[in-house]
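Residue-level listing of the chains:
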Amino acid sequence: MPPLSTMRTALASSSTQIVSSMHQDYIHDCKFDIYGRRMATCSGDRFVRVWDFTDSGEWTLVGEWQAHKASVSMLSWGHPEFGSLIATCGNDNEAKIWEERTSHSASSRWTAKAQLTEARKAVSCVEFAPRHWGLKLATGSADGCVRIYEAVDVLNLAQWANAATLQCFSDGNGVTSLSWSTGRFEPPTLVVGGSHPAVYRYTEASRQWSPVLVLPPPAHGDVRDVAWAPNVGRRFHYIASCEGEQLRIFKLSRGSSSGEGDSLDLEATQTIELPNAWRCQWNVTGTVLAVGGDRGTVQLYKLGSDGSFQVVSQIQGDLSQVAAHRSM
């Protein structure tokens, strides 16, 4: 899902820009880099494609390669401080780290630097940790496990240590989604989605990850996507959870003490009936939530004066142009 700056641009535009993905199957994920000027897509056709936003306002294909032996489920951009990196995961039970190398002819070439093969079933989600925690990667798989990897040497990306394996779920479809907390003054923390959302935190004293909060399960089915809102100094956290027929937003209170002893408690839950809620993402300040669903619709939610999140805008893609483009 694109950053909110890109969404505003799309909203202000009088027409929908059609980008021919060249994928031969459904696109499973689309991510923008930290600056919003590069886009990567992955698909059931096993390929990943990278696009650059040109000064003329067009998206240009600059890289494509077969990333996995089966469908590619999700991808994540690494922070540019560590180079031009993309992590991918797929139904071949693997996650991979890719690095871009630019030749003298200005063309790019993405090469596999590492293969992470500990998962026993399909790897469904992958996400790099916030920069201030170093070069770390979390993966979630259908075997119910979240695995935390850490680069042994940021100058040698072929070596990744499996720092932790969290057995989060033992039933259902395993881990469907995950999202890191970006709080700088708290220990590494992430929310994991599956049969229910659950929050895990790393404790330096014990040097291990532990569950600190189990959130109520959805009324029907599994969690499809989770997103932890960036925290810019608030004394509480927001977590969004897309659950097929509804969207839930959890407000978590924090303890008053500083450091890793801070507690997390469920303070409030807002449930919004929203059919076909598939993906969600917060803006960089954690004040606006974008939720994507079927038929090219993205809804933007913002906290209202009554303390609840309300729809403030809706972006509707021009499906007539999409249909015309497909018939060409």
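Quick caveat: nothing in here was measured; it's all calculated off a predicted structure.

Novice: Give me the lowdown on the pairing of strand E11 (residues 145-153), citing residues and values where you can.
Specialist: Both strand E10 (residues 136-141) and E11 contribute to a ladder of 5 bridges, which runs antiparallel. Across the sheet, the residue bridging to Ala138 is Ile148, located in E11. Where E11 meets strand E12 (residues 156-167), 8 bridges bridge the pair, whose relative direction is antiparallel. Its bridge partner lying in E12, Val146 is registered against Leu166.

Novice: Just give me the short version of the packing of aromatic side chains, but keep the residues and values in it.
Specialist: Tallied over the entire structure, the rule returns 12 aromatic pairs. Ring geometry for Trp65 and Trp110: centres 5.3 Å apart, planes at 15°, overall stacked. Of this pair, Trp65 sits in strand E4 (residues 59-66) while Trp110 sits in strand E8 (residues 108-116), placing them 45 residues apart in sequence. Among the residues examined, Trp110 registers a relative accessible area of 7% and is labelled buried. When the ring of Trp180 is compared with that of Trp209, the centres are 5.9 Å apart and the planes differ by 70°; the resulting orientation is edge-to-face. One end of the pair, Trp180, is in strand E13 (residues 177-180); the other, Trp209, is in strand E16 (residues 208-214), with 29 residues separating them in the sequence. Given the relative accessible area of 13%, Trp209 is considered buried.

Novice: Please provide a residue-by-residue account of the UniProt feature "repeat: WD" (unreviewed entry) in the chain, values included.
Specialist: Residues annotated in UniProt with the feature "repeat: WD" (unreviewed entry) correspond here to residues 20-52 and 65-108. Measuring from the first to the last C-alpha atom of residues 20-52 gives 13 Å, for a span that is 0% helix and 55% strand.

Novice: An account of unusual backbone geometry is requested, with residue identities and associated values reported.
Specialist: Not every positive phi belongs to a glycine, and Arg46 is a case in point at roughly 80°. Along the chain, Arg46 falls in the loop between strand E2 (38-43) and strand E3 (47-53). Positive phi values are uncommon outside glycine, yet Asn276 reaches one of about 60°. Within the element layout of this structure, Asn276 appears in strand E20 (residues 264-282).

Novice: So what about the sheet that holds strand E22 (residues 297-303)? Which residues, and what values?
Specialist: Sheet architecture is open: 7 strands sit in the order E17-E18-E19-E20-E21-E22-E23, paired in antiparallel fashion. Here the strands that pair on one side only, and so sit at the sheet edges, are strand E17 (225-228) and strand E23 (309-316). Here the strands of the sheet are splayed against their neighbours by 25° on average, with no regard to which way each runs. In this structure, strand E21 (residues 288-293) lies alongside E22, joined through 5 bridges in antiparallel fashion. Opposite Gly292, over in E22, you have Val298 as the bridge partner.

Reading guide: rules and limits
Residues numbered from 1 in each chain as written. Predicted model: local features only at pLDDT ≥ 70, side-chain atom pairs only at ≥ 80, totals over all residues. Heavy atoms only, no water. Pairing = 2+ DSSP bridges. Helix = DSSP H or I, 4+ residues; strand = E, 2+ residues; numbered from the N terminus. Phe/Tyr/Trp six-rings, centres within 6.5 Å; stacked < 30°, edge-to-face > 60°. Buried < 20%, exposed > 50% of the residue type's maximum accessible area, 1.4 Å probe, protein only. UniProt positions renumbered as here; feature names shortened; annotations may be inferred. Axes fitted to C-alpha atoms, helices over the stretch in contact; angles between N-to-C directions.

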